[in-house]
Amino acid sequence: MADEQALRSILATDCGSTTTKAILIEAVDGEYRLRVRGEAPTTVEAPHEDVTAGVLNAVREVEELSGRALIRDGTIIRPQQDGEGVDAYVSTSSAGGGLQVMVVGLVRSMTAESAQRAALGAGAIVMDVLALDDGRRDYERIERMRELRPDLILISGGVDGGETRKVVEMAELVAAANPQARLGEKYELPVIFAGNVDAREPVRAALERSAALTVVDNLRPTMEQERLGPARGEIQELFLQHVMAQAPGYPKLMGWTDADIMPTPAAVGSLIETIARRDGLNVVGVDIGGATTDVFSVFGGTFNRTVSANLGMSYSISNVLAEAGLENILRWLAIRPDPRRLGNDIRNKMIRPTTIPQTLGDLAAEHAAAREALRLAFEQHRLLATELKGVQRQRDIADAFGAAGAQSLVDMMALDLIVGSGGVLSHAPRRTQAALMMIDAFEPEGVTRLAVDSIFMMPQLGVLATISEEAATQVFYRDCLIPLGTCIAPAGRGRPGSRCVRVAMRPGGGAVEMAVPFGEMRLLPLAEGETARVTIEPTRGFDAGAGRGRTVTADVQGGVVGLIIDARGRPLRLPDDAAERIEAIRRWHRALDAYPDDAEADEALHGDGPEVVAT
Amino acid sequence: MTAATTHGYTPGLRVTERALIRRVRRLPLPGHVHVQVGHEVTAEQLVASTELPGNVVNVNVAHELSITPEDVPALMLEGEGEPVEARQIIAESRAFWGLFHSIARAPITGTVETISDVTGQVLVRGRPISVEIDAYIDATVVVVQGDETVVVETRGALAQGILGVGGEAHGRLKMLCSEPDELCQAELIEDACRDCILVGGGRVTLETLQAAAEVGAAGVVTGAIDDTDLDEFLGAPLGVAITGQENLGTSLVLTEGFGDTPMRRRTFELLAERDGRRASVNGATQIRAGVIRPEVIVPEPGATWDAAEEQAGGGLAVGSPVRLIRRPHFGLPAEITELPERLEAIPTEAEVRVARVRLEDTGEVVAVPRANLEIIVQ
């Protein structure tokens, strides 16, 4: 790789479970800009079984679109010379199901939860959490370990100087299970111990014959302290050493890249943290993929990530249907849908995961499923993104069993910015659709900015930051982050049509005033790059951020959608009556100009397609 | 501008009369291989077996004897690795000249796995669990690796499905339907279906599957099913397409998917031509990395196989036969007439890379997202 100072061009790929995405970044007049993007299906399965085939296919698309030669002799040309090749190549990966970790701790809501946060923060999927209070018998825990075949096991437990015996007991269970690694039958399963320092030696003795043990600093050295860095770092190291090295084609890919391959969620997480830190914001980020949905948040400087392993838009879309229920998906459609047809369509998407909606009806149905996937993933995030449990009161382990949960750190009224990423949000034909999906799923309150990853390139920029923070930051703000605008949403409930909020906006020299009744949405134009001072006067019973009925004045930023006034109330409840609900959804779509024409969408979903014949 | 070829779009499912089929039969742990290279084996023939370690049950001996963990090893009556019977006394303590007597018993029959002086726990491992693996297909043993892996090979017809449930089974092929779009109804199931792999055509109903399981059919292969019927048959909603472990009484292979979709004619005819022949079926599916497709295999030991076809799976090109795999043309065959390089808007307003294809039935040329094409391997 050329020196960071001298980087003229960078190629970055993200090998997702469904699609491999490649972006070409070039330095133009001293500024790094996105040049083109290409994509191709990920190739970790037959007939290819080599991730680099998909990488080369995606890069070939970049070649075709940019007219620049990037591949020679089956590899990426480096360094850049005579207009060919690039100076650096980096990649992230979540293909092969990502990094699958099993967490073992003592108390589910304390050390086990800290361990879970460490694993999630490292970009892992947590397959299960075993703890003394998980309600299972030992043989059930052992069976679970054998059945799941994780990529690695993270054992925590005990504050330093505290409980030892129970920690060793859990380690003995791991040894008794003798779990085999998911990939690579010949190597020992990696196990990380990040618990009580006093338990290190007995844990080592318990596991020496059955696992490749690494010991790192206790992730919960005291009740009041959570130190996730060392465990996170070790998880990522093992991800490279073991998981990546065993996945089809990865050893070759690792030989091509100029920086370690990062797990996709870790790359996105580091980018979200950077945004929050740089601008001092409370941020929620979401990356909705084919198999999983990751939610990231930074509130008051505390970073959290959760991954919903079986909520996604292709491989896992049937699980969204199973978890949310068909009714909850149907409720977001501006039509009277045919449940049988929708159920079958969702299953067909699961078995042909790389297909994309071709009709408006199909698009609306996927957007409906996305709302539910996002909503469920966010619910899971709220449950894990909490204050440290066990801190407030002096108590021992026994006291913690069944103790009331700690306060969630997620405060929707304090939230400043929501950033959406992932195919269904980044590729929504109209940006308004992405804004509406995020508002419906997350229900922001008060004043909240919305943005999307323009073409789903946050993963690549996250890993790019490891070799050039300057290039990553420049491209992120100039080409990646698309400001959608700002959402104003008073919290509270009222009667449909009753007064809810009055908003006065003064963009530039002009002034606009609008009263929005309860149950309605409105859109005020406020373009990208523009800011305006708004005065929000909620009626009694509604809170826009300063308390019920109190006026809020704020400087809001525009975007490609504008200023959205959402007077549907919080919590958001759709009308129970189907006809009323459909009419309401159509009004909201019209108010935001979200879809081309509801009648057409209706026709697309219900009209008779060509008869299917046997071929 | 039009690109001559493009790369890596959805490879079609394999449906071929002439395949070289190899299947790896691997034990979960090393054990005993019962065949040698060159042996002719039948589908039901045992090729390898082993014993898995039994389940582990713990006994908190320190607690039961009211002693400290470090005293446990000295009070054990059986050492690590020694066999024990259920209810057998494995540790004993006496205090005050035998006045207070405490014992700990083995919860199951097995062997003492570990005795911990840190936790005071004793782990007892139950009796080994026997695992036997058959050949799955009528074939020849071509590889034996150590004491855990056998590779069997045959030539013959192979039809991959898109989704299946249930595991491996074998039996004679029996046609239920006479056309690939015929509804696969319960009335078609009769006693003669026992032990057979039943070939339907169009959508299969829940009642048909239940009747097939009741009569003892080895498997059902058909075009499609309604999602609610599949959930009912499984007893729970199918969340992700990772299957094969279900115990349903009969295995199911869907060649097309969900809804009223007929079986592809080529698949139907391939199976119909082999009506009555011995075949193997496996519903196991994994639509994730390391993809596994359900399959029907009809061995024909003397058949030739097409090496070129084995290598197929390349790119799209003008003239390529394809199948459209998304509404509004789901299931239709077509031929690529143009591969425009520039992005084009489709009815959803999304701008994507498309292929222009001529629909085989009407001759109409339509633009379809390349992602919604499946290559038909000729």
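Parameters at a glance
Residues numbered from 1 in each chain as written. Chains lettered and ligands numbered in written order. Predicted model: local features only at pLDDT ≥ 70, side-chain atom pairs only at ≥ 80, totals over all residues. Heavy atoms only, no water. Pairing = 2+ DSSP bridges. Helix = DSSP H or I, 4+ residues; strand = E, 2+ residues; numbered from the N terminus. Axes fitted to C-alpha atoms, helices over the stretch in contact; angles between N-to-C directions. Domains from an automatic or database assignment. Buried area = accessible area lost by both parts, 1.4 Å probe. Salt bridge = Lys/Arg side-chain N within 4 Å of Asp/Glu carboxyl O. Polar contact = N/O pair within 3.5 Å; in protein donor to acceptor, adjacent residues only side chain to side chain. Buried < 20%, exposed > 50% of the residue type's maximum accessible area, 1.4 Å probe, protein only. Core = buried A, V, L, I, M, F, W, Y, C linked by side-chain atoms within 4.5 Å. Contact = heavy atoms within 4.5 Å.

Okay, the sheet that holds strand β22 (residues 531–538) of chain A next. All names here are of chain A. Spatial ordering of the open sheet is given by β20-β19-β22-β23, a layout of four strands whose pairing is antiparallel. Looking along the sheet, the strands with just one partner apiece sit at the ends: β20 (512–517) and β23 (552–557). Across the sheet, the mean angle from the axis of one strand to that of its neighbour is 25°, orientation sign disregarded. As defined by bridge partners, β22 adjoins β23 across six bridges and the pair is classed as antiparallel. Bridged to Ile536 within β23 is Val552.

Residue and element names in this part refer to chain A. Once the domains are mapped, chain A shows domain 1 (4–93), domain 2 (97–256) and domain 3 (267–313 + 366–576 + 585–593). A C-alpha centroid distance of 33 Å is found between domain 2 and domain 3. Between domain 2 and domain 3, roughly 1700 Å² of surface is buried when both sides are summed, and carbon and sulfur atoms account for 64% of that area. The interface formed by domain 2 and domain 3 holds zero salt bridges in total. Taken together, domain 2 and domain 3 are joined by four residue pairs in polar contact (both at pLDDT 80 or more).

Looking at chain B, the domain boundaries give domain 1 (15–50 + 134–299), domain 2 (56–126) and domain 3 (315–375). Spacing between the C-alpha centres of domain 1 of chain B and domain 2 of chain B amounts to 49 Å.

This brings us to the pattern of salt bridges. Residues and elements named next belong to chain A. Within the structure shown, the criterion is met by 67 salt bridges over all chains. Glu169 is the salt-bridge partner of Arg165, the closest N and O atoms lying 3.7 Å from each other. Separated by four residues within a single helix, Arg165 and Glu169 lie in helix α4 (residues 165–177), roughly one turn from each other. A salt bridge links Arg502 to Glu513; the nearest nitrogen and oxygen atoms lie 3.2 Å apart. Of this pair, Arg502 sits in strand β19 (residues 499–507) while Glu513 sits in strand β20, placing them 11 residues apart in sequence. When its relative accessible area of 53% is taken as the criterion, Glu513 is described as exposed. Among the ionic contacts, a cluster of salt bridges with common partners joins Asp128, Asp134, Arg136, Asp138, Arg141 and Arg144.

Membership of the largest hydrophobic core comes to 97 residues, with the highest contact counts inside it found for Leu425(A), Phe442(A), Leu163(B), Leu198(B), Leu230(B) and Leu252(B). At 12 residues, the largest contribution of residues to this core is made by helix α12 (residues 360–384) of chain A. Excluding residues that lie within four positions of it along the chain, Leu230(B) makes contacts with Leu163(B), Val165(B), Ile225(B), Leu238(B), Leu252(B) and Phe258(B). Grouped together as the second largest cluster of nonpolar side chains are 54 residues, Leu56(A), Ile71(A), Ile125(A) and Leu154(A) included.

Here we take up the pairing of strand β9 (residues 100–105) of chain B. Residues and elements named next belong to chain B. Looking at chain direction, strand β8 (residues 89–95) and β9 are connected through six bridges and run antiparallel. Pairing of Ala91 across the sheet is with Ala104, part of β9. In sequence, β8 turns back onto β9 through a hairpin of four residues, with Phe96 there showing a positive phi of about 50°.

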